[in-house]
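In case you want the letters, here they are:
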Amino acid sequence: MASPALLMRVVASAYSVAEKAATIVRNVMAAGDLGIVDKTGDNDLQTKADRLVQMSICASLAQKFPKVTIIGEEELSTDEVTEELIEDGHCEEILKKTCPAQYAGIKEEELVIWVDPLDGTKEYTEGLLDHVTVLIGIAYEGKAIAGVINQPYYNYEAGGGAVLGRTIWGVLGMGAFGFQLTEAPAGKHIIVTTRSHSSTLVNECISALNPDSVIRVGGAGNKIIQLIEGKASAYVFASPGCKKWDTCAPEAILHAVGGKITDIHGNSFQYNKEVKHMNSAGVLATLRNYDYYASRIPNTVKQSLVP
């Protein structure tokens, strides 16, 4: 039997690496010292979990796939990586699946992995644990083609016997797994948007869409999960605050199930290694009915957000 294609090996490893990351996230929280550092003073926090998880993910993947470019959110040296942070396992289930033909010949040096070690850091520090995700996005030729999202605290309110955490993953041309795909209620316009980075522009954009309701939660990964589980019909963020490592993994999973994510102007995101990290023209994402929302974004909002 032929050995699995590189892409499937990377995704299978990323799956195990994300599960290890979730354990680190939970352990840091349980130990009680979050080690919070304020990076820029603009609600831009970093905790011990962000640091340890990024070291774990980047070092684990770099050890197995040395020619892949890995870009993580935190500026960290890789010298301090200890052996217990390394995860060298992989998910057997993923390796058994056939790689989509268009990705079967990919070489290591053609992949870029975008890592957000802890998406929703502010919510993590405030105990809103279900907002928190670990994001590993895999890009090829500038496009997000595979992604892993781990929710370390999925189910945390379900009580003692519940299994904590879950890992969602997807590959373009194959689909996405680890959750139940559900569409938002028909005819309802439920917008999910930022909780901690709101602004006049964000709110102006949302009210122009005349939503039935607005959900404010932390984390880009979490917002895409709201879309694919039918809790929201559109994710709208008219602000430059989001980065490539926030959107790469969620984009791959959303696109794998037929959804769409762009900036506020309708441009696709690019994920090649030279690209700027900021998604400066905001985010618009839906599982279905993308055009309905895109056509209602006010021009004043578009003019304020330059790609």
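Here the residue numbers are simple positions, counted from 1 along each chain's written sequence. The predicted nature of this model means local features are confined to residues of pLDDT at least 70 and side-chain atom pairs, given and counted, to a pLDDT of 80 or more, with totals for whole chains, interfaces and linings taken over all residues. Heavy atoms throughout the structure, all of them, feed into the side-chain values; hydrogens and water do not.

The name given to the protein in an unreviewed UniProt entry is 3'(2'),5'-bisphosphate nucleotidase 1, with Rynchops niger as the source organism. UniProt positions are given in the numbering used here, feature names are shortened, and annotations may be inferred rather than shown by experiment. Database annotation for the protein, UniProt heading Sequence similarities (unreviewed entry): "Belongs to the inositol monophosphatase superfamily."

Visitor: Any chance you could explain the sheet that holds strand β4 (residues 111-119) here in plain terms?
Guide: The strands making up a sheet associate through hydrogen bonds between their backbones, and the pairing can be parallel or antiparallel. Each pair of strands is called paired provided DSSP finds at least two bridges between the two strands. Starting at the N terminus, helices and strands are each numbered in turn, a helix being any DSSP run of H or I of at least four residues and a strand any DSSP run of E of at least two. A sheet is described by the order of its strands in space; here six strands give the open sequence β3-β4-β5-β6-β7-β8, paired in mixed fashion. If you trace the sheet from one side to the other, it starts and ends with β3 (69-72) and β8 (175-177), each paired once. When strand polarity is set aside, the average angle formed by the axes of neighbouring strands in this sheet is 15 degrees. Packed on one face of the sheet, helix α2 (residues 48-64) meets β3, β4 and β5 (133-140) and runs near 155 degrees to β4. Every residue pair with non-hydrogen atoms within 4.5 Å of one another is taken to be in contact. With axes taken as lines fitted to C-alpha atoms, and helix axes fitted only over the stretch in contact, angles between N-to-C directions fall between 0 and 180 degrees. Where helix α6 (residues 220-228) meets the sheet, its contacts fall on β4, β5, β6 (143-151) and β7 (166-171), and the angle it forms with β5 comes to roughly 85 degrees.

Visitor: Help me understand the packing of helix α1 (residues 6-31) against α2, please; the structure alone is not making it clear to me.
Guide: Axis angle and axis distance: for two packed helices, these are the angle between their axes and the distance between the axes, and together they describe the pair. Following both chains from N to C, one finds α1 and α2 inclined at 160 degrees, their axes separated by 9 Å at the closest point. When the axis of α1 is compared with that of α2, the two are roughly antiparallel. Crossing of α1 over α2 shows right-handed handedness. Between α1 and α2, the contacting residues are Ser13, Ala14, Val17, Lys20, Ala21, Ile24, Val25 and Val28 on the first element and Lys48, Ala49, Leu52, Val53, Ser56, Ile57, Ser60, Leu61 and Lys64 on the second. Only Asp, Glu, Lys and Arg are considered charged, only Ala, Val, Leu, Ile, Met, Phe, Trp, Tyr, Cys and Pro nonpolar, and every remaining residue, Gly among them, polar. Of the residues that constitute the contact of α1 with α2, the class distribution is eleven nonpolar, three polar and three charged. Between 65 and 115 degrees an angle is taken as roughly perpendicular, under 35 as roughly parallel, over 145 as roughly antiparallel, and anywhere else as oblique. What makes a crossing left-handed is the near helix being turned counterclockwise from the far one by less than a right angle; a clockwise turn instead makes it right-handed.

Visitor: Could you clarify how one ought to interpret the sheet that holds strand β10 (residues 213-217) in this entry?
Guide: Strand order across the open sheet formed by five strands is β10-β9-β11-β13-β12, with mixed pairing between neighbours. Sheet topology places β10 and β12 (260-262) at the edges, where each strand pairs with a single neighbour. Going from strand to strand, the sheet's axes swing by 20 degrees on average, the running direction of each strand aside. Both strand β9 (residues 190-194) and β10 contribute to a ladder of five bridges, which runs parallel.

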